[in-house]
Amino acid sequence: MATFQHAGITTTATTADQVISSFTPTNATSWKCTTLVAYLTTYSGTESNLGTAKLQSGGTDIFESRIQNTDLDTRPGVIVLPWGNGITFDGATVVRWITTPAAATSMKWNGSFFGQG
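Residues numbered from 1 in each chain as written. Predicted model: local features only at pLDDT ≥ 70, side-chain atom pairs only at ≥ 80, totals over all residues. Heavy atoms only, no water.

Participant: So, the overall build of the protein chain: which residues are in play, and what are the values?
Facilitator: When you go through the protein chain residue by residue, the secondary structure sums to 0 helices and 8 strands. Counting from the amino terminus, helix and strand elements in the protein chain follow one another as β-β-β-β-β-β-β-β. Its C-alpha radius of gyration of 15 Å places the protein chain within 12% of the 13 Å reference for a compact globule of 117 residues. Seen through its C-alpha atoms, the protein chain measures out along the principal axes to roughly 45 × 25 × 20 Å. Residues counted as buried form 40% of the 117 residues belonging to the protein chain. A separation threshold of at least 6 residues defines the contact pool for the protein chain, and within that pool the share at least 24 residues apart is 77%. (Helix = DSSP H or I, 4+ residues; strand = E, 2+ residues; numbered from the N terminus. Rg over C-alpha atoms; globule rule 2.2 N^0.38 Å. Buried < 20%, exposed > 50% of the residue type's maximum accessible area, 1.4 Å probe, protein only. Contact = heavy atoms within 4.5 Å.)

Participant: Outline the packing of aromatic side chains, supporting the account with residue identities and numerical values.
Facilitator: Summed over all chains, the structure comprises 4 aromatic pairs. Both rings, one in Phe-4 and one in Phe-114, keep their centres 4.9 Å apart while their planes meet at 40°; by these two values the pair is tilted. Of the two residues, Phe-4 is situated in strand β1 (residues 2-11) and Phe-114 in strand β8 (residues 107-116); the sequence distance between them amounts to 110 residues. On the basis of relative accessible area, Phe-4 is assigned to the exposed category, the value being 52%. (Phe/Tyr/Trp six-rings, centres within 6.5 Å; stacked < 30°, edge-to-face > 60°.)

Participant: Give me the pattern of salt bridges: which residues, what numbers.
Facilitator: Side chains that differ in charge, positive against negative, can pair when their charged atoms come close. Scanning the entire structure with this criterion turns up 1 salt bridge. Note that Asp-61 is salt-bridged to Lys-54, the shortest N-O span being 3.4 Å. A residue is classified by how much of its surface remains accessible, and Lys-54, at 18% relative accessible area, is buried. (Salt bridge = Lys/Arg side-chain N within 4 Å of Asp/Glu carboxyl O.)

Participant: So what about the sheet that holds strand β5 (residues 60-69)? Which residues, and what values?
Facilitator: The 4 strands lie next to each other as β2-β7-β4-β5, forming an open sheet whose pairing is antiparallel. In the strand order of this sheet, the two ends are held by β2 (18-23) and β5, each with one partner. Going across the sheet, the axis of each strand differs from the next one's by a mean of 20°, ignoring polarity. Relative to strand β7 (residues 95-101), strand β4 (residues 48-57) is paired through 7 bridges, and the arrangement is antiparallel. Paired with Leu-55 across the strands is Trp-97, a residue of β7. (Pairing = 2+ DSSP bridges. Axes fitted to C-alpha atoms, helices over the stretch in contact; angles between N-to-C directions.)

Participant: Tell me about the sheet that holds β8, residues and numbers included.
Facilitator: Read across the sheet, 4 strands follow the order β1-β8-β3-β6 without closing on themselves; strand pairing throughout is antiparallel. A strand with exactly one partner marks an edge of an open sheet, and here the two such strands are β1 and β6 (77-89). If you compare each strand with its neighbour and ignore which way they point, the axes differ by 10° on average. Pairing geometry for β1 and β8, over 10 bridges, is antiparallel. Following the sheet pairing, Thr-11 is matched in β8 by Met-107.

Participant: Please provide a residue-by-residue account of the side chain of Lys-54, values included.
Facilitator: In this fold, Lys-54 is placed in strand β4. In terms of polar contacts, Lys-54 uses its side chain to reach the side chain of Asp-61, at 3.4 Å. Setting aside anything within four residues of it in sequence, one finds Lys-54 in contact with Asp-17, Asp-61, Phe-63, Glu-64, Arg-96, Trp-97 and Ile-98. (Polar contact = N/O pair within 3.5 Å; in protein donor to acceptor, adjacent residues only side chain to side chain.)

Printed below as a string of structure tokens:
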């Protein structure tokens, strides 16, 4: 059975570890890919650091990256983590994307998980 989980938030404060997307599968799930997208809700032609994003499994950080706004156009910062044959998470493990925005500027963050289980 295919599994898809997607959620997002709009941030306006630099509060640490704001949850973007969180999912606890009901049974063992093999995640094939996860994505994260972030962008300013009002376009700015100035390059800027949007903040950090972390992927957590069971409350433990397993990936961290800084997201950058470009000055070229309205393209968002994008992270795609393909996991080939998949990484299996048991039915009790919370998998989530969290962020600590770099500024109180309004930003949209979207996180997705794709898999089967």
